[in-house]
Amino acid sequence: MILVTAANGNQGKRLLPKLRASGVPVRACVRSEASAHALRKAGVADVIIGDIMEPAVLARAMRGAQKVYHVGPTAHPQERAMGMAVIDAARAEGVEHFVFSSVLHSITTDLVQHEIKRDVEEHLLSSGLAFTILQPSNYMLPLKLQPVFKEGIFRLSWSLDRLQSLVDLGDVTDVAAMVLANSDAHVYATYELVGTGRFTAHHLSRMISNVLDRPIRVEEIDADTYLDAWFGDADRSQLKHQACVLRAISARYSSHDFLGNPNVLTWLLGRKPTSFEEFVRAEYTTFMSRN
Ligand SMILES: NC(=O)c1ccc[n+]([C@@H]2O[C@H](COP(=O)([O-])OP(=O)(O)OC[C@H]3O[C@@H](n4cnc5c(N)ncnc54)[C@H](OP(=O)(O)O)[C@@H]3O)[C@@H](O)[C@H]2O)c1
(Lines give C-alpha, C1' and ligand atoms only; values in the text may rest on other atoms or scores of the structure.)
Protein backbone atom coordinates (compact mmCIF):
# COMPACT_ATOMS: atom_id res chain seq x y z
CA MET A 1 0.00 0.00 0.00
CA ILE A 2 1.22 3.50 -0.85
CA LEU A 3 0.45 6.34 1.55
CA VAL A 4 0.07 9.75 -0.13
CA THR A 5 0.11 12.83 2.12
CA ALA A 6 -1.38 16.23 1.18
CA ALA A 7 -3.54 13.95 -0.91
CA ASN A 8 -6.13 16.41 -2.19
CA GLY A 9 -3.54 19.03 -3.02
CA ASN A 10 -2.13 20.10 -6.37
CA GLN A 11 0.01 17.01 -6.70
CA GLY A 12 -2.04 14.53 -4.70
CA LYS A 13 -5.26 14.81 -6.68
CA ARG A 14 -3.33 14.27 -9.93
CA LEU A 15 -1.17 11.46 -8.55
CA LEU A 16 -3.84 9.30 -6.92
CA PRO A 17 -5.66 8.36 -10.18
CA LYS A 18 -2.30 7.42 -11.74
CA LEU A 19 -1.45 5.15 -8.82
CA ARG A 20 -4.92 3.62 -8.81
CA ALA A 21 -4.69 2.98 -12.57
CA SER A 22 -1.56 0.95 -11.95
CA GLY A 23 -3.56 -1.28 -9.60
CA VAL A 24 -1.58 -0.53 -6.42
CA PRO A 25 -3.62 -0.04 -3.22
CA VAL A 26 -3.38 3.60 -2.10
CA ARG A 27 -4.17 5.44 1.11
CA ALA A 28 -4.79 9.17 1.09
CA CYS A 29 -4.25 11.47 4.06
CA VAL A 30 -6.15 14.77 4.19
CA ARG A 31 -7.20 17.19 6.91
CA SER A 32 -10.83 17.88 6.08
CA GLU A 33 -14.02 15.91 5.58
CA ALA A 34 -14.65 17.89 2.36
CA SER A 35 -11.39 16.68 0.81
CA ALA A 36 -12.05 13.13 1.97
CA HIS A 37 -15.47 13.30 0.31
CA ALA A 38 -13.94 14.57 -2.96
CA LEU A 39 -11.34 11.80 -2.99
CA ARG A 40 -13.86 9.08 -2.17
CA LYS A 41 -16.04 10.37 -4.99
CA ALA A 42 -13.02 10.04 -7.26
CA GLY A 43 -12.70 6.40 -6.22
CA VAL A 44 -10.15 6.48 -3.40
CA ALA A 45 -11.60 4.18 -0.75
CA ASP A 46 -8.90 4.36 1.93
CA VAL A 47 -8.82 7.94 3.26
CA ILE A 48 -7.44 9.02 6.63
CA ILE A 49 -8.87 12.33 7.85
CA GLY A 50 -7.10 14.50 10.40
CA ASP A 51 -4.09 16.63 11.22
CA ILE A 52 -1.09 14.49 10.37
CA MET A 53 0.83 16.33 13.11
CA GLU A 54 -1.29 14.44 15.62
CA PRO A 55 0.57 11.23 16.47
CA ALA A 56 -2.61 9.12 16.44
CA VAL A 57 -3.52 10.35 12.93
CA LEU A 58 0.00 9.75 11.65
CA ALA A 59 0.07 6.27 13.20
CA ARG A 60 -3.23 5.36 11.52
CA ALA A 61 -2.05 6.73 8.20
CA MET A 62 1.26 4.85 8.32
CA ARG A 63 -0.05 1.47 9.53
CA GLY A 64 0.65 -1.15 6.87
CA ALA A 65 2.27 1.28 4.38
CA GLN A 66 5.02 -0.19 2.18
CA LYS A 67 5.71 3.07 0.35
CA VAL A 68 5.16 6.73 1.19
CA TYR A 69 4.82 9.79 -1.05
CA HIS A 70 5.20 12.81 1.19
CA VAL A 71 4.32 16.35 0.17
CA GLY A 72 4.46 19.12 2.77
CA PRO A 73 1.27 21.22 2.43
CA THR A 74 1.93 24.70 1.01
CA ALA A 75 3.49 27.07 3.58
CA HIS A 76 2.40 24.88 6.50
CA PRO A 77 3.80 26.42 9.72
CA GLN A 78 4.97 22.98 10.90
CA GLU A 79 6.27 21.74 7.57
CA ARG A 80 9.72 20.83 8.95
CA ALA A 81 8.41 18.95 12.00
CA MET A 82 5.77 17.28 9.83
CA GLY A 83 8.35 16.02 7.32
CA MET A 84 10.55 14.67 10.07
CA ALA A 85 7.63 13.01 11.91
CA VAL A 86 6.43 11.30 8.72
CA ILE A 87 9.97 10.02 8.04
CA ASP A 88 10.35 8.74 11.63
CA ALA A 89 6.98 7.01 11.49
CA ALA A 90 7.90 5.43 8.13
CA ARG A 91 11.14 4.10 9.57
CA ALA A 92 9.31 2.66 12.59
CA GLU A 93 6.79 0.99 10.26
CA GLY A 94 9.57 -0.55 8.11
CA VAL A 95 8.52 1.33 4.95
CA GLU A 96 10.41 0.02 1.88
CA HIS A 97 10.57 3.24 -0.15
CA PHE A 98 10.03 6.84 0.93
CA VAL A 99 9.58 9.40 -1.84
CA PHE A 100 9.83 13.02 -0.73
CA SER A 101 8.55 15.84 -2.91
CA SER A 102 10.98 18.63 -2.13
CA VAL A 103 11.78 21.66 -4.27
CA LEU A 104 14.29 22.76 -6.90
CA HIS A 105 17.40 24.26 -5.28
CA SER A 106 16.42 23.29 -1.77
CA ILE A 107 19.82 24.64 -0.64
CA THR A 108 18.54 28.23 -1.03
CA THR A 109 18.61 29.56 2.53
CA ASP A 110 16.85 32.83 1.55
CA LEU A 111 13.67 30.91 0.80
CA VAL A 112 11.97 29.76 3.99
CA GLN A 113 10.20 26.76 2.45
CA HIS A 114 13.42 25.66 0.71
CA GLU A 115 15.50 25.75 3.87
CA ILE A 116 12.83 23.62 5.58
CA LYS A 117 12.90 21.07 2.76
CA ARG A 118 16.69 20.95 2.83
CA ASP A 119 16.46 19.94 6.50
CA VAL A 120 13.82 17.33 5.73
CA GLU A 121 16.00 15.96 2.91
CA GLU A 122 18.91 15.67 5.34
CA HIS A 123 16.73 13.90 7.90
CA LEU A 124 15.61 11.46 5.19
CA LEU A 125 19.17 10.86 4.02
CA SER A 126 20.20 10.03 7.58
CA SER A 127 17.14 7.90 8.33
CA GLY A 128 18.38 4.68 6.78
CA LEU A 129 15.21 4.52 4.65
CA ALA A 130 15.44 3.75 0.93
CA PHE A 131 14.49 7.12 -0.54
CA THR A 132 13.96 9.15 -3.68
CA ILE A 133 13.84 12.93 -3.61
CA LEU A 134 11.97 14.89 -6.29
CA GLN A 135 12.82 18.56 -6.68
CA PRO A 136 10.16 20.29 -8.80
CA SER A 137 10.62 23.82 -10.06
CA ASN A 138 7.80 26.37 -9.74
CA TYR A 139 4.54 24.67 -10.62
CA MET A 140 2.45 25.74 -13.59
CA LEU A 141 -0.52 26.45 -11.34
CA PRO A 142 -4.06 26.45 -12.78
CA LEU A 143 -5.09 28.82 -9.96
CA LYS A 144 -2.73 31.51 -11.29
CA LEU A 145 -4.55 31.43 -14.65
CA GLN A 146 -8.02 32.08 -13.21
CA PRO A 147 -7.60 35.89 -12.93
CA VAL A 148 -6.12 35.88 -16.43
CA PHE A 149 -9.08 34.08 -17.95
CA LYS A 150 -11.61 36.13 -15.96
CA GLU A 151 -10.03 39.61 -15.85
CA GLY A 152 -7.24 39.53 -18.45
CA ILE A 153 -4.60 40.22 -15.77
CA PHE A 154 -1.59 38.00 -15.02
CA ARG A 155 -0.33 38.70 -11.50
CA LEU A 156 2.96 37.68 -9.93
CA SER A 157 4.29 38.61 -6.51
CA TRP A 158 7.86 39.23 -7.67
CA SER A 159 9.74 41.22 -10.30
CA LEU A 160 8.17 40.92 -13.73
CA ASP A 161 11.63 41.01 -15.30
CA ARG A 162 13.17 38.04 -13.51
CA LEU A 163 13.45 34.68 -15.27
CA GLN A 164 11.97 31.50 -13.88
CA SER A 165 11.74 27.82 -14.83
CA LEU A 166 8.37 26.13 -14.53
CA VAL A 167 7.12 22.57 -14.46
CA ASP A 168 3.76 21.00 -15.28
CA LEU A 169 2.05 19.14 -12.41
CA GLY A 170 1.02 16.35 -14.79
CA ASP A 171 4.70 15.77 -15.58
CA VAL A 172 5.68 15.86 -11.89
CA THR A 173 3.03 13.29 -10.99
CA ASP A 174 3.91 11.10 -14.02
CA VAL A 175 7.42 10.91 -12.57
CA ALA A 176 6.14 10.34 -9.03
CA ALA A 177 3.94 7.45 -10.21
CA MET A 178 6.82 5.95 -12.20
CA VAL A 179 9.26 6.22 -9.30
CA LEU A 180 6.78 4.61 -6.88
CA ALA A 181 6.03 1.80 -9.35
CA ASN A 182 9.72 1.04 -9.98
CA SER A 183 11.30 1.65 -6.60
CA ASP A 184 14.43 -0.44 -7.25
CA ALA A 185 15.32 1.64 -10.30
CA HIS A 186 14.98 4.97 -8.49
CA VAL A 187 16.13 4.51 -4.88
CA TYR A 188 18.81 6.90 -3.63
CA ALA A 189 18.19 9.28 -6.53
CA THR A 190 17.53 13.01 -6.29
CA TYR A 191 15.83 14.31 -9.42
CA GLU A 192 15.41 17.95 -10.44
CA LEU A 193 12.08 18.29 -12.25
CA VAL A 194 12.15 21.29 -14.55
CA GLY A 195 10.21 22.05 -17.72
CA THR A 196 11.60 23.64 -20.87
CA GLY A 197 12.11 27.39 -21.30
CA ARG A 198 13.07 30.31 -19.09
CA PHE A 199 10.45 32.97 -18.73
CA THR A 200 9.83 36.43 -17.34
CA ALA A 201 6.26 37.44 -16.54
CA HIS A 202 6.25 39.35 -19.84
CA HIS A 203 7.11 36.17 -21.80
CA LEU A 204 4.41 34.23 -19.95
CA SER A 205 1.73 36.84 -20.53
CA ARG A 206 2.60 37.02 -24.26
CA MET A 207 2.18 33.23 -24.52
CA ILE A 208 -1.14 33.38 -22.65
CA SER A 209 -2.24 36.22 -24.87
CA ASN A 210 -1.46 34.13 -28.00
CA VAL A 211 -3.56 31.23 -26.72
CA LEU A 212 -6.50 33.44 -25.66
CA ASP A 213 -6.13 35.66 -28.72
CA ARG A 214 -6.62 38.79 -26.65
CA PRO A 215 -4.30 41.21 -24.83
CA ILE A 216 -3.20 40.31 -21.30
CA ARG A 217 -1.90 42.82 -18.77
CA VAL A 218 0.87 41.82 -16.34
CA GLU A 219 0.83 43.19 -12.82
CA GLU A 220 3.36 42.87 -10.01
CA ILE A 221 1.76 42.59 -6.59
CA ASP A 222 3.48 42.55 -3.22
CA ALA A 223 3.55 39.54 -0.93
CA ASP A 224 0.94 40.96 1.43
CA THR A 225 -1.54 41.57 -1.38
CA TYR A 226 -1.00 37.95 -2.39
CA LEU A 227 -1.59 36.88 1.22
CA ASP A 228 -4.87 38.87 1.26
CA ALA A 229 -6.02 37.20 -1.96
CA TRP A 230 -5.12 33.78 -0.53
CA PHE A 231 -6.57 34.06 2.98
CA GLY A 232 -9.16 36.87 2.78
CA ASP A 233 -10.20 38.12 6.23
CA ALA A 234 -8.42 35.41 8.24
CA ASP A 235 -6.65 36.56 11.40
CA ARG A 236 -3.19 37.83 10.36
CA SER A 237 -1.66 36.85 13.71
CA GLN A 238 -2.29 33.21 12.72
CA LEU A 239 -0.55 33.65 9.37
CA LYS A 240 2.93 34.76 10.40
CA HIS A 241 4.66 31.79 8.79
CA GLN A 242 2.71 32.10 5.53
CA ALA A 243 3.53 35.85 5.40
CA CYS A 244 7.19 35.06 6.00
CA VAL A 245 7.23 32.47 3.18
CA LEU A 246 5.55 34.84 0.71
CA ARG A 247 7.77 37.81 1.58
CA ALA A 248 10.89 35.66 1.16
CA ILE A 249 9.65 34.46 -2.23
CA SER A 250 9.02 38.04 -3.38
CA ALA A 251 12.44 39.19 -2.22
CA ARG A 252 14.45 36.27 -3.62
CA TYR A 253 12.66 36.03 -6.98
CA SER A 254 12.98 39.80 -7.38
CA SER A 255 16.72 39.79 -6.73
CA HIS A 256 17.63 36.52 -8.54
CA ASP A 257 16.36 34.44 -11.44
CA PHE A 258 15.08 30.98 -10.46
CA LEU A 259 16.31 28.57 -13.11
CA GLY A 260 16.87 24.88 -13.68
CA ASN A 261 17.58 22.47 -16.52
CA PRO A 262 15.01 20.15 -18.20
CA ASN A 263 17.45 17.30 -19.00
CA VAL A 264 16.57 15.09 -16.03
CA LEU A 265 12.81 15.45 -16.48
CA THR A 266 13.09 14.78 -20.23
CA TRP A 267 15.11 11.64 -19.54
CA LEU A 268 12.66 10.40 -16.91
CA LEU A 269 9.55 11.06 -19.01
CA GLY A 270 11.08 9.72 -22.24
CA ARG A 271 9.47 12.71 -23.98
CA LYS A 272 9.61 16.47 -23.99
CA PRO A 273 8.18 18.04 -20.83
CA THR A 274 4.81 19.77 -21.22
CA SER A 275 5.37 23.34 -22.40
CA PHE A 276 3.81 26.39 -20.75
CA GLU A 277 1.79 27.01 -23.90
CA GLU A 278 0.41 23.45 -23.87
CA PHE A 279 -0.50 23.91 -20.20
CA VAL A 280 -2.36 27.19 -20.87
CA ARG A 281 -4.16 25.72 -23.87
CA ALA A 282 -5.40 22.73 -21.82
CA GLU A 283 -6.49 24.92 -18.89
CA TYR A 284 -8.26 27.37 -21.21
CA THR A 285 -10.14 24.55 -22.94
CA THR A 286 -11.33 23.31 -19.52
CA PHE A 287 -12.25 26.84 -18.43
CA MET A 288 -14.27 27.48 -21.63
CA SER A 289 -16.09 24.16 -21.34
CA ARG A 290 -17.24 25.11 -17.81
CA ASN A 291 -18.22 28.71 -18.52
N1 LIG B 1 3.74 26.00 -5.70
C2 LIG B 1 4.89 25.74 -6.31
O3 LIG B 1 5.19 26.33 -7.36
C4 LIG B 1 5.82 24.72 -5.74
C5 LIG B 1 6.95 24.34 -6.45
C6 LIG B 1 7.80 23.37 -5.92
C7 LIG B 1 7.52 22.82 -4.68
N8 LIG B 1 6.42 23.23 -4.01
C9 LIG B 1 6.14 22.64 -2.69
O10 LIG B 1 5.09 21.69 -2.87
C11 LIG B 1 4.38 21.57 -1.64
C12 LIG B 1 2.91 21.74 -1.87
O13 LIG B 1 2.46 20.74 -2.79
P14 LIG B 1 0.94 20.75 -3.26
O15 LIG B 1 0.70 22.12 -3.85
O16 LIG B 1 0.71 19.54 -4.05
O17 LIG B 1 0.20 20.61 -1.87
P18 LIG B 1 -1.02 21.46 -1.33
O19 LIG B 1 -2.00 21.65 -2.45
O20 LIG B 1 -0.56 22.63 -0.58
O21 LIG B 1 -1.60 20.38 -0.29
C22 LIG B 1 -2.82 20.56 0.29
C23 LIG B 1 -3.26 19.23 0.90
O24 LIG B 1 -2.60 19.05 2.17
C25 LIG B 1 -3.58 18.65 3.11
N26 LIG B 1 -3.18 19.10 4.45
C27 LIG B 1 -2.87 20.35 4.83
N28 LIG B 1 -2.53 20.40 6.14
C29 LIG B 1 -2.63 19.12 6.59
C30 LIG B 1 -2.45 18.52 7.85
N31 LIG B 1 -2.05 19.23 8.91
N32 LIG B 1 -2.68 17.19 7.98
C33 LIG B 1 -3.09 16.44 6.91
N34 LIG B 1 -3.26 16.96 5.67
C35 LIG B 1 -3.05 18.28 5.51
C36 LIG B 1 -4.84 19.35 2.66
O37 LIG B 1 -5.96 18.70 3.21
P38 LIG B 1 -7.41 19.43 3.12
O39 LIG B 1 -7.69 19.57 1.65
O40 LIG B 1 -8.30 18.50 3.79
O41 LIG B 1 -7.25 20.76 3.81
C42 LIG B 1 -4.75 19.18 1.15
O43 LIG B 1 -5.27 17.92 0.76
C44 LIG B 1 4.90 22.66 -0.71
O45 LIG B 1 5.78 22.07 0.21
C46 LIG B 1 5.62 23.60 -1.65
O47 LIG B 1 6.68 24.32 -1.02
C48 LIG B 1 5.55 24.14 -4.51
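Residues numbered from 1 in each chain as written. Predicted model: local features only at pLDDT ≥ 70, side-chain atom pairs only at ≥ 80, totals over all residues. Heavy atoms only, no water.

- As recorded in an unreviewed UniProt entry, the chain goes by NmrA family NAD(P)-binding protein and comes from Paraburkholderia polaris.

1. Some details on the UniProt feature "domain: NmrA-like" (unreviewed entry) in the chain
Phase 1 of the analysis: On the UniProt side, "domain: NmrA-like" (unreviewed entry) is annotated at positions that read residues 2-250 here.
Phase 2 of the analysis: For residues 2-250, the helix share is 46%, the strand share is 18%, and the end-to-end C-alpha distance is 36 Å. (UniProt positions renumbered as here; feature names shortened; annotations may be inferred. Helix = DSSP H or I, 4+ residues; strand = E, 2+ residues; numbered from the N terminus.)

2. Points about the pairing of strand 4 (residues 67-71)
Phase 1 of the analysis: Burial analysis of strand 4 places 5 of its 5 residues in the buried class, which makes it a mostly covered element.
Phase 2 of the analysis: In strand 4, alternate side chains face the same way, and those of Lys67, Tyr69 and Val71 on one face and Val68 and His70 on the other are all buried.
Phase 3 of the analysis: Where strand 1 (residues 2-4) meets strand 4, 3 bridges bridge the pair, whose relative direction is parallel. Counterpart to Val4 in the pairing with strand 4 is Tyr69. (Buried < 20%, exposed > 50% of the residue type's maximum accessible area, 1.4 Å probe, protein only. Pairing = 2+ DSSP bridges.)

3. Regarding helix 2 (residues 33-41)
Phase 1 of the analysis: All buried positions along helix 2 are accounted for by Ser35, Ala36 and Leu39. Down the axis, helix 2 shows its buried residues gathered within 100° of arc, on one side only. Opposite the buried face of helix 2, at more than 90 degrees from it, the exposed residues are Glu33, Ala34, His37 and Lys41.
Phase 2 of the analysis: Contacts made by the buried residues of helix 2 are with helix 1 (12-21), strand 2 (26-30) and strand 3 (47-49).
Phase 3 of the analysis: Directly beyond the C-terminal end of helix 2, a positive phi value near 105° is found at Gly43. (Arc of directions from axis to C-beta. Contact = heavy atoms within 4.5 Å.)

4. Section: the packing of helix 5 (residues 112-125) against helix 11 (residues 240-255)
Phase 1 of the analysis: Here helix 5 crosses helix 11 at 105°, and the two axes come no closer than 7 Å. By the angle between their directions, the pair helix 5 and helix 11 is classed as roughly perpendicular. Across from Val112, Gln113, His114 and Ile116 in helix 5, the residues of helix 11 making contact are His241, Cys244, Val245, Ala248, Ile249 and Tyr253. (Axes fitted to C-alpha atoms, helices over the stretch in contact; angles between N-to-C directions. Parallel < 35°, antiparallel > 145°, perpendicular 65-115°, else oblique.)

5. What to know about the side chain of Thr173
Phase 1 of the analysis: Assignment of secondary structure puts Thr173 in helix 7 (residues 169-181).
Phase 2 of the analysis: A relative accessible area of 0% means that Thr173 is categorised as buried.
Phase 3 of the analysis: At 3.2 Å, the side chain of Thr173 forms a polar contact with the backbone oxygen of Gly170.
Phase 4 of the analysis: Filtering out sequence-adjacent residues up to four positions away, Thr173 remains in contact with Gln11, Arg14, Leu15 and Lys18. (Polar contact = N/O pair within 3.5 Å; in protein donor to acceptor, adjacent residues only side chain to side chain.)

6. Remarks on the packing of aromatic side chains
Phase 1 of the analysis: Taken as a whole and judged by the stated rule, the model has 11 aromatic pairs.
Phase 2 of the analysis: On the numbers, 5.0 Å between centres and 45° between planes, the contact of Phe149 with Phe287 is tilted. You can see Phe149 sitting in helix 6 (residues 142-151) and its partner Phe287 sitting in helix 13 (residues 276-290), a full 138 residues away along the chain.
Phase 3 of the analysis: A residue is classified by how much of its surface remains accessible, and Phe149, at 4% relative accessible area, is buried.
Phase 4 of the analysis: A centroid spacing of 6.0 Å and a plane angle of 70° characterise the contact between Tyr191 and Trp267, whose relative ring orientation is edge-to-face. Residue Tyr191 is found in strand 10 (residues 189-193), and its partner Trp267 is found in helix 12 (residues 263-269); the two are separated by 76 residues along the sequence.
Phase 5 of the analysis: In this structure Trp267 comes out as exposed when scored by relative accessible area, which is 59%.
Phase 6 of the analysis: Members of the aromatic cluster, joined through ring pairs, are Phe149, Tyr284 and Phe287. (Phe/Tyr/Trp six-rings, centres within 6.5 Å; stacked < 30°, edge-to-face > 60°.)

7. Observations concerning the site of the ligand
Phase 1 of the analysis: The immediate surroundings of the ligand are formed by 28 residues, with Ser32, Ser35, Gly72, Thr74 and Lys117 found nearest.
Phase 2 of the analysis: Residue Ser32 places a main-chain N or O atom 2.6 Å away from an oxygen atom belonging to the ligand.
Phase 3 of the analysis: Considering the ligand on its own, with 940 Å² of exposed area, one finds that the protein chains cover 87% of that surface.
Phase 4 of the analysis: Of the residues contributing to the shell around the ligand, the split by class is 10 nonpolar, 14 polar and 4 charged. (Near = heavy atom within 4 Å. Areas by Shrake-Rupley, 256 points an atom, 1.4 Å probe, with all protein chains shown as cover. Nonpolar A, V, L, I, M, F, W, Y, C, P; charged D, E, K, R; others polar.)

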